[in-house]
Structure formats: C-alpha cells, structure tokens
Amino acid sequence: KRQQHHRSELAAKANLEASQEAAEQSDRRRLALEGREAELQTLRDGLAERQHRLEVRAEASAAKRRQLSEDQVVLQELRTEVAAFTEAAAQALARAEEQELRLIASNE
C-alpha cells in the first residue's frame, strides 16, 4: 500500500510538473503572439502613414496638373491676343505710312 501511495504521489507530482510546463509554454506562446501582434500593428500603422503621404502627394500632383492646364489655357489666350494686337498694329502702321505718302504727294 505504501508503495502504491508513493507511486500515486510520483504520478501526481509528474502530472503537476507537466501541467505547469504546459502552462508556462502556453504563456510563452501567448507572449510571442502578443509581440507579433504588436509588430503587425506597427507595420499597419506605418503602411497607413505611407498611404496617407502618397494620397497627399497624389492630390498635390493633381492640383499642379490642373494649375498647369489652366496656365496653358491662359497662355494660349495671351498668344491669341498678342497675335491680334500685332496684326492690328501692322495694319495701323500700314495705314499711317499710306497717309504719310498721300500727304507727301499732296504737298508736292
């Protein structure tokens, strides 16, 4: 009986040690998993920040393209106005030269 009791105690002690080891291993796994989750969250945060910066840069780029397009329209309008002014000035100069020639001819 004493031997059987001793074996029971040994078995109980072995079960307790195995249970404690399993609990410690479970704790280690849980801590490792929490660490990985924290790393993943850090990565997610970094990706979200990069995505935000890219969106801001894309919007700024789109605004620059819109401004450039508007500037090109204004530039084309100015070119048209300059061409019209140049043509009008050339015609006015031609008329003035013609009048001057007529005035000279009439004075002779």
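Analysis parameters
- Residues numbered from 1 in each chain as written.
- Predicted model: local features only at pLDDT ≥ 70, side-chain atom pairs only at ≥ 80, totals over all residues.
- Heavy atoms only, no water.
- Helix = DSSP H or I, 4+ residues; strand = E, 2+ residues; numbered from the N terminus.
- Rg over C-alpha atoms; globule rule 2.2 N^0.38 Å.
- Areas by Shrake-Rupley, 256 points an atom, 1.4 Å probe, with all protein chains shown as cover.
- Lys, Arg positive; Asp, Glu negative; His and termini not counted.
- Charge placed at Lys NZ, Arg CZ, Asp CG, Glu CD.
- Salt bridge = Lys/Arg side-chain N within 4 Å of Asp/Glu carboxyl O.
- Buried < 20%, exposed > 50% of the residue type's maximum accessible area, 1.4 Å probe, protein only.

### Section: the overall build of the protein chain
Turning to step 1, where the next piece is worked out: Along its length, the protein chain carries one helix and zero strands.
Turning to step 2, where the next piece is worked out: Relative to the 2.2 N^0.38 estimate, which gives 13 Å for 108 residues, the radius of gyration of the protein chain is 46 Å and therefore markedly larger than a compact globule would have.
Turning to step 3, where the next piece is worked out: For the protein chain, the accessible area works out to roughly 10100 Å², and carbon and sulfur atoms hold 56% of it.
Turning to step 4, where the next piece is worked out: Of the side-chain charges in the protein chain, 18 are positive and 21 negative, and the distance between the mean point of each set is 19 Å.

### Comments concerning the pattern of salt bridges
Turning to step 1, where the next piece is worked out: As enumerated under the stated definition, the model contains six salt bridges in all.
Turning to step 2, where the next piece is worked out: Two residues, arginine 28 and glutamate 21, come together in a salt bridge whose shortest N-O distance is 3.2 Å.
Turning to step 3, where the next piece is worked out: The partly exposed category is assigned to arginine 28, whose relative accessible area is 46%.
Turning to step 4, where the next piece is worked out: Arginine 30 is the partner of glutamate 34 in a salt bridge, and the nearest nitrogen-oxygen pair spans 3.1 Å. Within this pair, glutamate 34 and its partner arginine 30 are both found in helix H1 (residues 2-107), separated by four residues, close to a single helical turn.
Turning to step 5, where the next piece is worked out: On the basis of relative accessible area, arginine 30 is assigned to the partly exposed category, the value being 42%.

### Observations regarding the environment of phenylalanine 85
Turning to step 1, where the next piece is worked out: Mapped onto the elements of the fold, phenylalanine 85 is located in helix H1.
Turning to step 2, where the next piece is worked out: Of the residues examined, phenylalanine 85 reaches a relative accessible area of 62% and is grouped as exposed.
Turning to step 3, where the next piece is worked out: Spatially, the C-alpha atoms of phenylalanine 85 and leucine 68 are 25 Å apart, while their sequence positions differ by 17 residues.

### Focus: the environment of valine 73
Turning to step 1, where the next piece is worked out: For valine 73, the location among the structural elements is in helix H1.
Turning to step 2, where the next piece is worked out: Expressed as a C-alpha distance, the spacing of valine 73 and glycine 35, which sit 38 residues apart in the sequence, is 57 Å.

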